[in-house]
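Structure at a glance
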Amino acid sequence: MANRPLDTELLDRAIIFAVRAHAGTERRGKGVPYIVHPLEAVGIVATMTSDQELLAAAALHDIVEDTSVSIEQLRVEFGDRVASLVASETDTFQEGVSEEDRWHARKQAAIDRLARASRDAKIVALGDKLSNMRAIARDYAVQGDALWNLFRTSDPREHEWHYRGLADALRELHDTVAYKEFEELVNRVFTKKSQKRP
């Protein structure tokens, strides 16, 4: 009996859409095409599920935050569930406060939102966060604390607070290989730093 072919039509469309939306952009001063990050997130999510809508959401997770595409456009193209998963991964920005306070408030809101999110939303988020943490760990091994100067907030204690908060919010996924890698990388990068916000 032959295996039935895997239906990847939705994921294929999402990847093509993401490639077009992120065309010509690079990953925070690294000279690497931005699309590498969403594709890595898809690969991580694929270690936890074969659900094509979750995989599509991983491919699209940064589109609303980083391009001119709206949640409504995603809803039309990919349906309610994919759009809702992307919305749950999209930070909201506040006006009228300092960049550092805005960053902290935005990250706190994201941690709180993630802690209340469905398991599906956490799976998509873990794809994103583990991809980010892999990049941080690679760069930190080469650059040390100079790495933090590439970010809007340069205090490493703030980044530690953020990533440990994400680890707590994602703890429901503790039984996955992806979560174990995420936690190990957070501990490796932030071992010697204060865990509290200054």
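Just above, that's the structure.
Residues numbered from 1 in each chain as written. Predicted model: local features only at pLDDT ≥ 70, side-chain atom pairs only at ≥ 80, totals over all residues. Heavy atoms only, no water.

With their axes 7 Å apart at the nearest point, helix α5 (residues 71-78) and helix α6 (residues 80-88) run at an angle of 150° to one another. Considering the angle they form, α5 stands roughly antiparallel to α6. For the pair α5 and α6, the crossing hand works out as right-handed. Where α5 abuts α6, its residues Ile-71, Leu-74, Arg-75 and Phe-78 lie against Asp-80, Val-82, Ala-83, Ser-84, Val-86 and Ala-87. (Axes fitted to C-alpha atoms, helices over the stretch in contact; angles between N-to-C directions. Helix = DSSP H or I, 4+ residues; strand = E, 2+ residues; numbered from the N terminus. Parallel < 35°, antiparallel > 145°, perpendicular 65-115°, else oblique. Left-handed = near helix turned anticlockwise from the far one by under 90°. Contact = heavy atoms within 4.5 Å.)

In this structure, Leu-60, Leu-126, Met-133 and Phe-182 are the most contacted members of the largest nonpolar core, which totals 57 residues. Broken down by element, the residue count for this core peaks at 9 residues, all from helix α8 (residues 119-143). Contacts of Met-133, omitting those with residues within four sequence positions, involve Tyr-163, Phe-182, Leu-185, Val-186, Val-189 and Phe-190. (Core = buried A, V, L, I, M, F, W, Y, C linked by side-chain atoms within 4.5 Å. Buried < 20%, exposed > 50% of the residue type's maximum accessible area, 1.4 Å probe, protein only.)

Glancing now at the side chain of His-37. Inspection of the secondary structure assignment puts His-37 in helix α2 (residues 36-45). Exposure remark for His-37: the relative accessible area of 3% places this residue in the buried category. Among the polar contacts made by the side chain of His-37, one reaches the side chain of Asp-62 at a distance of 3.5 Å. For His-37, the contacting residues outside a window of four places in its chain are Arg-27, His-61, Asp-62, Asp-128, Ser-131 and Asn-132. (Polar contact = N/O pair within 3.5 Å; in protein donor to acceptor, adjacent residues only side chain to side chain.)

On to the packing of aromatic side chains, then. This model, assessed by the stated rule, comprises 7 aromatic pairs. On the basis of an interplanar angle of 90° and a centroid distance of 5.3 Å, the ring pair of Phe-17 and Phe-78 is categorised as edge-to-face. Linking Phe-17 in helix α1 (residues 9-21) with Phe-78 in helix α5, this pair joins segments that are 61 residues apart in sequence. By way of ring pairs, the aromatic residues Tyr-140, Trp-148, Phe-151, Tyr-163, Phe-182 and Phe-190 are connected into one cluster. (Phe/Tyr/Trp six-rings, centres within 6.5 Å; stacked < 30°, edge-to-face > 60°.)

This brings us to helix α9 (residues 156-169). With 14 residues, α9 ought to run about 20 Å at 1.5 Å a step, and its terminal C-alpha atoms sit 20 Å apart, in line with that. Most of α9 sits inside the fold, with 11 of its 14 residues counted as buried. Every buried residue of α9 is listed here: Pro-156, Glu-158, His-159, Glu-160, Trp-161, His-162, Tyr-163, Gly-165, Leu-166, Ala-167 and Ala-169. Its side-chain oxygen placed 2.8 Å from the backbone nitrogen of Arg-157, Asp-155 serves as the N-cap of α9. (Expected span 1.5 Å × (residues − 1).)

Bringing the pattern of salt bridges into the picture now. By the definition in use, this model includes 18 salt bridges. In this structure, the salt-bridge partner of Glu-72 is Arg-75, at a minimum N-O distance of 3.3 Å. Here Glu-72 and its partner Arg-75 are both found in helix α5, 3 residues apart, which amounts to about one turn of the helix. The shortest N-O distance in the salt bridge between Glu-183 and Arg-171 comes to 3.0 Å. Within this pair, whereas Glu-183 is found in helix α10 (residues 177-190), its partner Arg-171 is found in the loop between α9 and α10, the two being separated by 12 residues in sequence. Residue Glu-183 is classed as partly exposed on the basis of its relative accessible area of 28%. A residue is classified by how much of its surface remains accessible, and Arg-171, at 35% relative accessible area, is partly exposed. Overlapping salt bridges bring together Asp-51, Glu-53, Arg-81 and Asp-120 as one network. (Salt bridge = Lys/Arg side-chain N within 4 Å of Asp/Glu carboxyl O.)

Here α9 crosses α10 at 160°, and the two axes come no closer than 10 Å. Taken together, the axes of α9 and α10 lie roughly antiparallel to each other. Here α9 runs over α10; the crossing is left-handed. Across from Pro-156, His-159, Glu-160, Tyr-163, Arg-164, Leu-166 and Ala-167 in α9, the residues of α10 making contact are Tyr-179, Phe-182, Val-186, Asn-187 and Phe-190. Grouping the amino acids of the contact of α9 with α10 by side-chain chemistry returns 8 nonpolar, 2 polar and 2 charged. (Nonpolar A, V, L, I, M, F, W, Y, C, P; charged D, E, K, R; others polar.)

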